[in-house]
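Each chain is listed here by its residues.
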Amino acid sequence: KRDSAEKIKKDEQYIMSTAVAIRDLKNTDNILGVVVVSANIDDVYLLLEEISSQIYLLALLSSLLTGLLSFFTSTLITRPIKELMKSVLKVTNGNLDEKIKVKGNNEMAELAKSFNLMTERLDRIEESRQEFVSNVSHELKTPLASIKVLTESLIFEENIPIEMYKEFFSDINHEVDRLNTIINDLLSLVKLDSNKVNLNIAQTNLNNLIEAILKRLSPLAKKKDISLIYQSDRETTVEVDEVKLTLAISNLIENGIKYTVEGGQVTINIQSNSQEAFITVTDTGIGIAKEEQSRIFERFYRTDKTRSRDTGGTGLGLSITYRTIIMHTGSIQVESEEGIGSTFVIQIPIKHV
Ligand SMILES: Nc1ncnc2c1ncn2[C@@H]1O[C@H](COP(=O)(O)OP(=O)(O)OP(=O)(O)O)[C@@H](O)[C@H]1O
Ligand SMILES: [Mg+2]
């Protein structure tokens, strides 16, 4: 009754057929015949199937790829950043020995390396700060303890002769001087360490500077029957902070006198070329063991030999010298043999940069 078109599946083949009725012009209900056109559309279906399976495959592959890609980006970028954030938080909370595992060779690895270097440095600073505080307290406590004992014995003893008062007060005076020296040394060191200190650089005659030190220290040497020998083949002028360099060199010569037995020698030598000046302090003293030579520039470090003796040092002199020379962009070396003597060589540039 109606025109129709349909597709049928017959014998595993797709066929599309269309039927159109031929009607009587006068009476359209009267069908005179039917025209049927049919065609095999198998290949169209095959093509469609092929395309749709390809589309499925593509969709599957692309979602798989997107998944993999986002997974990798998250592990490559997000995860290390999260780790870094965790570590930064730990450091902020005071966990200074925090380390990040360094993986790969990219910018994140570089960042992790820098982070590790930073925490290492922080850790070292914190360690030396604690050591410093404990050393300072210890060094200040020793003279205070002596003063306490001396004053208590004066307070609680009865009928003390005047001579004893004098002796104890002179001891107390000595301990107060010692406290003063330690505090002054500490203050110089803190200033030198803070890098805030400005060098007061001026053209300075090195020979005059050293001669003045020797003049000041000669009574100390004479007391121990130590001969101070001064050698210099020419006048040397350097750009330095005169006050600070004087203290640095004095510390070396004082050590030479302090750690040399009676009758010994301390020799001071100045040499220079067009660029650098060398100040050498050699003594015929007790010497420093090889394994201790690298440590004597540390604050409060005293060698085994001298700690037990009553030479009365704090272990700050050489660290002041070291810091001062470094600030003058120079260097300091030590050579020593136990029982034979020590040589300290300071090198400083003639022109300050
Ligand atoms: N010329 C030297 N011969 C032998 N040992 C030395 C000499 N110079 C330094 N030392 C050793 O190095 C240590 C550190 O010296 P440093 O000058 O820093 O401290 P100190 O002399 O003990 O005290 P101070 O702070 O009063 O100078 C000394 O305690 C001593 O053990
Ligand atoms: Mg000293």
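These numbers were taken from a predicted model, which means no experiment stands behind them.

K.L.:
Would you mind going over the side chain of Q293 in detail, with residue names and values included?
P.N.:
Tracing the backbone shows Q293 in helix α6 (residues 290-293). Its relative accessible area of 11% is what places Q293 among the buried residues. Those residues in contact with Q293, other than ones at most four positions away along the chain, are I288, V334 and S336.

K.L.:
So what's going on with helix α3 (residues 162-193)? Residues and values would help.
P.N.:
If you check α3, its first and last C-alpha atoms are 46 Å apart, about what 32 residues at 1.5 Å a residue would give, namely 46 Å. Restricting attention to buried positions, one finds in α3 the residues F168, I172, E175, L179, I182, D185, L186, L189 and L192. In the core, the buried residues of α3 are packed alongside α2 (107-156), α5 (242-258) and α8 (317-327).

K.L.:
How would you sum up the pattern of salt bridges? Please name residues and give values.
P.N.:
One pass over the full model with this rule turns up nine salt bridges. The salt bridge partner of E120 is R124, with a shortest N-O separation of 4.0 Å. Here the residue E120 and the residue R124 both occupy positions in helix α2, the gap between them amounting to four residues, near one helical turn. What makes E120 partly exposed here is its relative accessible area of 36%. Among the salt bridges present, the one from R129 reaches E126, with a minimum N-O distance of 3.0 Å. With a gap of three residues between them, R129 and E126 both fall in helix α2, about one helical turn apart. For E126, a relative accessible area of 22% translates into the label partly exposed.

Cut-offs applied
Residues numbered from 1 in each chain as written. Chains lettered and ligands numbered in written order. Predicted model: local features only at pLDDT ≥ 70, side-chain atom pairs only at ≥ 80, totals over all residues. Heavy atoms only, no water. Helix = DSSP H or I, 4+ residues; strand = E, 2+ residues; numbered from the N terminus. Buried < 20%, exposed > 50% of the residue type's maximum accessible area, 1.4 Å probe, protein only. Contact = heavy atoms within 4.5 Å. Expected span 1.5 Å × (residues − 1). Salt bridge = Lys/Arg side-chain N within 4 Å of Asp/Glu carboxyl O.

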